[in-house]
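Examination of the molecular architecture
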Amino acid sequence: MKYIAVITGASSGIGREFAYAIDQSMSSIDEIWLIARRKDRLEELSEKLSHNTRIISGDLSSRITVNRLQALLKTEKCRVRFLINAAGYGILGDFESGDRRDETGMCDLNVRALTDVTYVCIPFMGKGSRIINLASSAAFVPQPGFSVYAATKSYVLSFSRSLNMELCGKGIYITAVCPGPVKTEFFNIAEKNGTRTLSLKKFAMTTPDVVVKRALKDSLAKKEISVPTFLMRLFRIMCKILPHSIIMKITSMIYK
Ligand SMILES: NC(=O)c1ccc[n+]([C@@H]2O[C@H](COP(=O)([O-])OP(=O)(O)OC[C@H]3O[C@@H](n4cnc5c(N)ncnc54)[C@H](OP(=O)(O)O)[C@@H]3O)[C@@H](O)[C@H]2O)c1
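Below, the structure is looked at part by part. (Residues numbered from 1 in each chain as written. Predicted model: local features only at pLDDT ≥ 70, side-chain atom pairs only at ≥ 80, totals over all residues. Heavy atoms only, no water.)

1. Focus: the sheet that holds strand E3 (residues 52–57)
- The parallel open sheet is built from seven strands, whose spatial order is E3-E2-E1-E4-E5-E6-E7. Edge positions in the sheet fall to E3 and strand E7 (225–226), since each of these pairs with one other strand and no more.
- Direction of pairing for strand E1 (residues 2–8) relative to strand E4 (residues 78–85): parallel, over a ladder of seven bridges. Its bridge partner lying in E4, isoleucine 4 is registered against valine 80.
- Along the sheet, helix H2 (residues 39–48) makes contact with strand E2 (31–36) and E3, crossing E3 at roughly 175 degrees.
- Against the sheet, helix H8 (residues 208–220) touches E4, strand E5 (130–134), strand E6 (173–177) and E7, its axis set at about 140 degrees to E5. (Pairing = 2+ DSSP bridges. Helix = DSSP H or I, 4+ residues; strand = E, 2+ residues; numbered from the N terminus. Contact = heavy atoms within 4.5 Å. Axes fitted to C-alpha atoms, helices over the stretch in contact; angles between N-to-C directions.)

Shown next as structure tokens:
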């Protein structure tokens, strides 16, 4: 039986940082499986890791890639110790002026693919397995100007919490990670239509290593939600006590 970590979105940002962190700290893992579209990036990463790796390059929005993962899990007789669902993107701007494929693509990747990857991995999990899903602080409240993205992340948060309750009896725990802005390539894509985040939001920016360190700690502690920075923990509390209509007015100003 081979113990593996499966990481989606491993070619960049938070997913890549998870690969480094697991490589350095998890000696009980035999292999790290790296999934993303950019094969060259995954090969480059693989060379830097001391663990054995398996590269699965492909578009997760397509069922073909997830089917390939499922087939490999079956033939390799694996136990998935960690599943990190980090693949995802967001595009800033008003929904009606956004590109149709970009808007629906967020649902395909952030929601459908994450659900599908989770579904195919669970049969290969057992006591001690962990799922870490990248949600976002955007999951705490609807965000005009980032409508579809925030809605997809609300799904990830809701899905992760209820799945955690369904599976904890089997010793499988799910943690939804809810960072604010993180310094990655995410914003190159998010701002591609010209809508910029204000410096106020960039002031709250953290780095992938902070997010990943906290997420792994919280996951091992069986926490259902991981919020890496003080400012975002404060934001979460605000979202619980203030009317969402007020917060939505403020966030819609941030994205203008
Ligand atoms: N950065 C932030 O401010 C922030 C804040 C909160 C939450 N998050 C969430 O954290 C996660 C990681 O984001 P990040 O900041 O690390 O962004 P990133 O650097 O842009 O990384 C996104 C990853 O997703 C992969 N990906 C994108 N589309 C894909 C597709 N169709 N099929 C397979 N893989 C795909 C990318 O690889 P390829 O392009 O090679 O396919 C890349 O590895 C996302 O779910 C994001 O929503 C980010």
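2. Here's the deal with the nonpolar core
- In this structure, Trp33, Leu69 and Leu73 are the most contacted members of the largest nonpolar core, which totals 54 residues.
- Sorting elements by how many residues they give to this core places helix H5 (residues 147–167) first, with eight residues.
- Counting 27 residues, the second-largest nonpolar core is a separate cluster that includes Phe82, Ala86, Val177 and Leu216. (Core = buried A, V, L, I, M, F, W, Y, C linked by side-chain atoms within 4.5 Å. Buried < 20%, exposed > 50% of the residue type's maximum accessible area, 1.4 Å probe, protein only.)

3. Section: the pairing of E3
- With six bridges joining them, E2 and E3 adopt parallel strand pairing. By the bridge assignment for E3, isoleucine 35 is matched with isoleucine 56.
- Handedness of the crossover is the feature at issue here: the chain leaves E2, passes through H2, returns alongside E3, and the resulting connection is right-handed. (Right-handed = clockwise from strand over helix to strand, strands pointing away.)

4. Regarding helix H3 (residues 63–75)
- For H3, spanning 13 residues, the distance from its first C-alpha to its last is 18 Å, which sits close to the expected 18 Å at 1.5 Å a residue.
- Three or more residues of H3 are buried, namely Thr65, Val66, Leu69, Leu72 and Leu73. Buried positions in H3, seen along its axis, are confined to an arc of 120 degrees and lie on one side of it. Of the exposed residues in H3, those oriented more than 90 degrees away from the buried face are Arg63, Ile64, Lys74 and Thr75.
- Elements in contact with the buried residues of H3: E1, E2, E3, E4 and helix H4 (100–121). (Expected span 1.5 Å × (residues − 1). Arc of directions from axis to C-beta.)

5. Some thoughts on the side chain of aspartate 218
- Looking at the secondary structure, you find aspartate 218 in helix H8.
- Given a relative accessible area of 3%, aspartate 218 falls into the buried group.
- Every residue in contact with aspartate 218, bar those within four places of it in the chain, is listed here: Thr175, Lys223, Ile225, Ser226 and Val227.

6. Details of the packing of H3 against H4
- Two elements in contact, H3 and H4, have axes separated by 10 Å at closest approach and are oriented at 15 degrees. The angle between H3 and H4 places the two elements in the roughly parallel class. Here the hand of the crossing between H3 and H4 comes out right-handed. Side by side, H3 and H4 meet where Arg63, Val66, Leu69, Gln70 and Leu73 of the first sit next to Arg112, Asp116, Val117, Val120 and Cys121 of the second.
- Along the lines of polarity and charge, the residues of the contact of H3 with H4 split into six nonpolar, one polar and three charged. (Parallel < 35°, antiparallel > 145°, perpendicular 65-115°, else oblique. Left-handed = near helix turned anticlockwise from the far one by under 90°. Nonpolar A, V, L, I, M, F, W, Y, C, P; charged D, E, K, R; others polar.)

7. Comments concerning the environment of leucine 42
- Position of leucine 42 among the secondary structure elements: in helix H2.
- When sequence neighbours within four positions are dropped, the list of residues in contact with leucine 42 reads Ala10, Ser11, Leu34, Ile35, Ala36, Ile55, Ile56 and Ser57.

8. Quick look at the site of the ligand
- The local shell around the ligand holds 30 residues, among which Ser12, Asp59, Tyr149, Val182 and Thr184 are the closest.
- The contact in question runs from an oxygen atom of the ligand to an N or O atom on the side chain of serine 11, over 2.8 Å.
- Between the ligand and lysine 153, the relevant distance is 2.9 Å, taken from an oxygen atom to a side-chain nitrogen or oxygen of the residue.
- In isolation the ligand exposes 880 Å². Once the protein is present, 96% of that is buried.
- Of all the elements in the fold, those that place two or more residues in the shell around the ligand are helix H1 (13–25), H5 and helix H6 (186–190). (Near = heavy atom within 4 Å. Polar contact = N/O pair within 3.5 Å; in protein donor to acceptor, adjacent residues only side chain to side chain. Areas by Shrake-Rupley, 256 points an atom, 1.4 Å probe, with all protein chains shown as cover.)

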